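Here is how the chains run, residue by residue.
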Amino acid sequence: AQSVTQLGSHVSVSEGALVLLRCNYSSSVPPYLFWYVQYPNQGLQLLLKYTSAATLVKGINGFEAEFKKSETSFHLTKPSAHMSDAAEYFCAVSGSNYQLIWGAGTKLIIKP
Amino acid sequence: DAGVIQSPRHEVTEMGQEVTLRCKPISGHNSLFWYRQTMMRGLELLIYFNNNVPIDDSGMPEDRFSAKMPNASFSTLKIQPSEPRDSAVYFCASSFGQANEKLFFGSGTQLSVL
């Protein structure tokens, strides 16, 4: 069975600072891993997706995530935060079937 | 492409009333998902359709909930009778392939049952 844990329901960073959002997963099969972003009053949209082609995955808006099998982690990073990055971020894992298992989400707060 | 279109954006109703939420997936997508989002429970998958056929409805909370997909371009989620605990944001999402492909979400329907 798959599961996802996102550490920290809220993360606050200053504008221009590094963004690090943590995601750990468990999966009995090689996983597909995803990060989605949800802006206020909107649906989720895909930031990036890992499918075993490369361990460092680059996504939209300057975000990237690194798959570390030994740590069962897929943390999301961005070198320099912008005010427009304020949103909720969801990590998800897909195993051998169609269903995505979602993390609880992390709200990213950007301080001016 | 207009993306996934959901209607209405907001619905306020009284307990006991019937509620129908509507979704138009992206043209060419063959998978459709209904999700419910609440603060307490996060994102919950309610039902998954593939090629208009319900594949998994194990997430549907009770018999009060039903979903249909009469054709590739339209789906409904119905709650009858509605209860205050059904208050949530309901999202429709579509994809080409299965859930390990990219999901495209609609803007959601904010449902308030008084």
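Before reading further, recall that the structure is shown in the block above.
A brief report on the enclosed structure follows. Along each chain, residues carry numbers from 1 onward, in the same order as the chain's sequence is written. Each chain gets a letter, beginning with A, and each ligand a number, beginning with 1, in the order they are written. It should be noted that, the model being predicted, local features are given only for residues of pLDDT at least 70 and side-chain atom pairs only at 80 or more, the latter also being counted only at that level, while totals for whole chains, interfaces and linings use all residues. Side-chain numbers come from the whole structure's heavy atoms, not from hydrogens or water.

Another point: the overall build of chain A. Assigned secondary structure in chain A consists of zero helices and eleven strands. In DSSP terms, a helix is any run of H or I states spanning at least four residues, a strand is any run of E spanning at least two, and both are numbered starting from the N terminus. Order of helices (α) and strands (β) in chain A, N terminus to C terminus: β-β-β-β-β-β-β-β-β-β-β. For the radius of gyration, the atom set is restricted to C-alpha positions; the globular benchmark scales as 2.2 Å times the number of residues to the power 0.38. Here the C-alpha atoms of chain A give a radius of gyration of 13 Å, agreeing with the 13 Å that 2.2 N^0.38 yields for 112 residues. Along the longest, intermediate and shortest principal axes, the C-alpha atoms of chain A span 40 × 25 × 20 Å. For chain A, the residues scored as buried account for 46% of the 112 residues in total. Note on definitions: a residue-residue contact is assigned when non-hydrogen atoms from the two residues lie within 4.5 Å. Considering only intrachain contacts with a sequence separation of at least 6, the fraction spanning at least 24 residues in chain A is 56%. Method for areas: the Shrake-Rupley scheme with a 1.4 Å probe, in which residue coverage is limited to the protein chains shown. With an accessible surface of roughly 5,300 Å², chain A has 53% of that area assigned to carbon and sulfur atoms. The rule is simple: take the accessible area with a 1.4 Å probe, protein chains only, and divide by the maximum for that residue type; under 20% is buried, over 50% is exposed, in between is partly exposed.

With that settled, consider the sheet that holds strand β3 (residues 19–24) of chain B. All names here are of chain B. Strand pairing follows a simple DSSP-based rule, namely that at least 2 bridges must link the two strands. Read from one edge of the open sheet, four strands run β1-β3-β8-β7, paired in antiparallel fashion. The open sheet terminates on both sides in strands that have one partner only, identified here as β1 (5–7) and β7 (65–71). Ignoring which end each strand starts from, the neighbouring axes of this sheet average 15° apart. Two strands pair when backbone bridges link them, and β7 and strand β8 (residues 74–79) are joined in this way by five bridges, in the antiparallel orientation. Residue pairing in the sheet places Ser-66 in a bridge with Lys-78 of β8. Where helices are involved, their axes are fitted lines through C-alpha atoms of the stretch in contact, as for all axes, and angles between N-to-C directions lie from 0 to 180°.

Now for the interface of chain A and chain B. One widely used convention gives an interface's size as the accessible area the parts lose upon coming together. Taken together, the contact pairs 16 residues of chain A with 18 residues of chain B. The buried area of a pairing is the accessible area, by a 1.4 Å probe, that goes missing from both parts when the two are put together, added over both. In this assembly, chain A packs against chain B so that about 1,500 Å² is buried in total across both faces, 58% of it on carbon and sulfur atoms. The term salt bridge refers to a side-chain nitrogen of Lys or Arg lying within 4 Å of a carboxyl oxygen of Asp or Glu. Along the contact surface separating chain A from chain B lie zero salt bridges. Whenever a nitrogen or oxygen atom comes within 3.5 Å of another N or O atom, the pair is scored as a polar contact, on the condition that within protein one atom can donate a hydrogen and the other can accept it, and that pairs from neighbouring residues in sequence are kept only if both atoms are in side chains. Our enumeration of links across chain A and chain B arrives at four residue pairs in polar contact (both at pLDDT 80 or more). Mapped onto the side of chain A that touches chain B, the elements with two or more residues apiece are β4 (32–38), β5 (44–50), β9 (87–94) and β10 (100–102) of chain A. In terms of residue class, the side of chain A that touches chain B is built from nine nonpolar, six polar and one charged. Only Asp, Glu, Lys and Arg are considered charged in this grouping, and only Ala, Val, Leu, Ile, Met, Phe, Trp, Tyr, Cys and Pro are considered nonpolar; every other residue, Gly among them, is considered polar.

Turning to the pattern of salt bridges, a few remarks are in order. Residue and element names in this part refer to chain B. For the structure shown, the criterion picks out ten salt bridges over all chains. The partner of Glu-18 in a salt bridge is Lys-78, and the shortest N-O contact between them spans 3.8 Å. Residue Glu-18 is located in the loop between β2 (10–13) and β3, and its partner Lys-78 is located in strand β8; the two are separated by 60 residues in the primary sequence. A relative accessible area of 45% places Glu-18 in the partly exposed class. Look at Lys-78 and you get partly exposed, because its relative accessible area is 30%.

This brings us to the environment of Ala92(A). Residue and element names in this part refer to chain A. Along the chain, the position of Ala-92 falls in strand β9. Ala-92 gets classed as buried once you look at its relative accessible area, which sits at 0%. Taking the C-alpha atoms as reference points, Ala-92 and Tyr-32, separated by 60 residues in sequence, lie 8.4 Å from one another.

Let us now look at the state of the cysteines. Criterion for a disulfide: a pair of cysteine sulfur atoms at a distance within 2.5 Å. Overall, the coordinates contain two disulfides over all chains when judged by the stated rule. With its sulfur 2.0 Å from that of its partner, Cys23(A) forms a disulfide with Cys91(A). Where Cys23(A) bonds to Cys91(A) through sulfur, the torsion about that S-S bond is close to -65°, and the disulfide is left-handed. On the criterion of sequence distance, the pair formed by Cys23(A) in strand β3 (residues 19–26) and Cys91(A) in strand β9 is long-range, its members being 68 residues apart. We note that Cys23(A), like Cys91(A), is buried. Each sulfur in the disulfide pair Cys23(B) and Cys92(B) lies 1.9 Å from the other. Where Cys23(B) bonds to Cys92(B) through sulfur, the torsion about that S-S bond is close to -65°, and the disulfide is left-handed.

Next up on the list: the layout of surface pockets. Put plainly, a pocket is an open set of points on a 1 Å grid over the protein atoms alone with protein on both sides within 12 Å along at least five of seven lines, a cavity is a set where a 1.4 Å probe fits but cannot get out, and a lining residue has an atom within 4 Å of a point. Grid points are joined across faces, edges and corners, and a volume is the space filled by probe spheres set on the points. Put simply, the largest pocket is a space of about 670 Å³. The wall of the largest pocket is formed by 27 residues, among which Gln38(A), Glu88(A), Lys107(A), Gln37(B) and Met39(B) lie closest to the centre. Listed by contribution, the elements that provide at least two residues to the lining of the largest pocket are β9 of chain A together with β4 (31–38), β9 (88–95) and β11 (109–113) of chain B. For the lining of the largest pocket, the element with the most residues is β9(A), which contributes three residues. Looking at the second largest pocket, its volume works out to about 270 Å³. Lining the second largest pocket are 15 residues, with Leu44(A), Gln45(A), Phe104(B), Phe105(B) and Gly106(B) positioned closest to its centre. Contributing elements (two or more residues each) for the lining of the second largest pocket: β5 of chain A together with β10 (104–105) of chain B. It is β5(A) that provides the largest number of residues to the lining of the second largest pocket, a total of three residues. Taken together, the residues of the lining of the second largest pocket sort by class into eight nonpolar, six polar and one charged.

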